[in-house]
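# Per-entry structural report
Listed below are the residues making up each chain.
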Amino acid sequence: MNPSRVRWGLTLIVIGGICLAINLNQLSWWVFLDFLYLWPVIIIAIGLEMILKKTRFESFAYLSSLLLLGAFGWAIWADGGLSDRSSSYDSRYDNESKLPYQNEQAVNVKADFSNGRFYVNSGDNDLVRVTDGSSKTRIEMNSNCSGARCEIDLHSKERGLFRRSNFTSSDNYWKCYVNSAVDGSYELKLDEADLRLFADDLRISSLNIDAIQSNLLLKLGAILPRIEVELTGRSTDVDLVLPDSVGIRIEGADLRESTVEIFNLIDRGGYYTNALYETAPVNINVVSKIDNGRISLSTYEREKPVTDSI
């Protein structure tokens, strides 16, 4: 039997099996991209066959088939394996992880996200609902709810042989929805990511972001009387959108003179405040520890009244 015929015959069978698994929603098309990372295996297999063919060691030429099968097996494993998806999974739709809302009063959300865009917005029926907009990313959500407070950990786990693959924002993103009736503290770790935090309807008490080479758009709301924001990291730009008629305290940010004038900020020697900081019903305290970044301020008109904490 010709080793070449065996190799290409098995390759066609494997490719057909993978396509069938994709149609049955057991694998994603990313498996072929993962296989492309191992394209040198094809050259090695062909070279091995050329050397051993028509020699007394010709039987070892069948190792070229095993090399290709191993490469495809590795790509399937990197994609998550056949057991990684339920039969009801459809890669054409967002993959969701939900935590039902049961009248919790407070939640601490921790998230770790890299290489893409992360949206945070208000939700309605669930305590936390996360949709995964990329078949290349898997969501892992762990929760520990005891009494009135819930601790939630969100982690992105990229498929593929190489975790730090190059994705555009549209290829790799999350959308996280939090029940707007719950007081929340947020601890976010970002690496080369874009954060879009639309929190004008969220009850945020504290926001701690550690970001590296990221872009942050933070729209905060005047829901709770006091909001603490701490920003750390490096090479990160922050667009901070605050409601009007709130007290502002900003520490550690190198603000432009035009920004200080527009917002009537007063230099207190190490930090800035506006005239409303001592009298406004809502105070927003911002501490920046970001190296080699910028903070841009803007405001919007707040329509909903300020409410007390639950």
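Report follows, based on the coordinates. (Residues numbered from 1 in each chain as written. Predicted model: local features only at pLDDT ≥ 70, side-chain atom pairs only at ≥ 80, totals over all residues. Heavy atoms only, no water.)

Mapping G47 onto the fold places it in helix 3 (residues 40-52). Taking the relative accessible area as the measure of exposure, G47 reaches 25% and is therefore partly exposed. Spatially, the C-alpha atom of G47 lies 8.7 Å from that of S64, the residues being 17 residues apart in sequence. (Helix = DSSP H or I, 4+ residues; strand = E, 2+ residues; numbered from the N terminus. Buried < 20%, exposed > 50% of the residue type's maximum accessible area, 1.4 Å probe, protein only.)

Turning our eyes to something else, we now look at the pairing of strand 11 (residues 237-243). Within strand 11, five of the seven residues are buried, leaving the element largely enclosed by the surrounding structure. In the sheet, strand 9 (residues 215-220) pairs with strand 11 via five bridges, with the strands oriented parallel. The residue of strand 11 that forms the bridge with N215 is D237. (Pairing = 2+ DSSP bridges.)

With that settled, consider the state of the cysteines. If you walk through the whole model with that rule in mind, you get one disulfide. The residue that forms a disulfide with C145 is C150, at a sulfur-sulfur distance of 2.0 Å. The sign of the 125° torsion about the S-S bond sets the C145-C150 disulfide as right-handed. Take C145: its relative accessible area is 37%, and that puts it in the partly exposed class. Overall, the relative accessible area of 0% leaves C150 in the buried class. (Disulfide = S-S within 2.5 Å.)

Overall, the coordinates contain four aromatic pairs when judged by the stated rule. For the ring pair F113 and W174, a centre distance of 5.2 Å and an interplane angle of 55° mean the geometry is tilted. One end of the pair, F113, is in strand 2 (residues 106-123); the other, W174, is in strand 6 (residues 173-179), and 61 residues separate them in sequence. Of the two residues, F113 and W174, neither departs from the other in class, the shared state being buried. (Phe/Tyr/Trp six-rings, centres within 6.5 Å; stacked < 30°, edge-to-face > 60°.)

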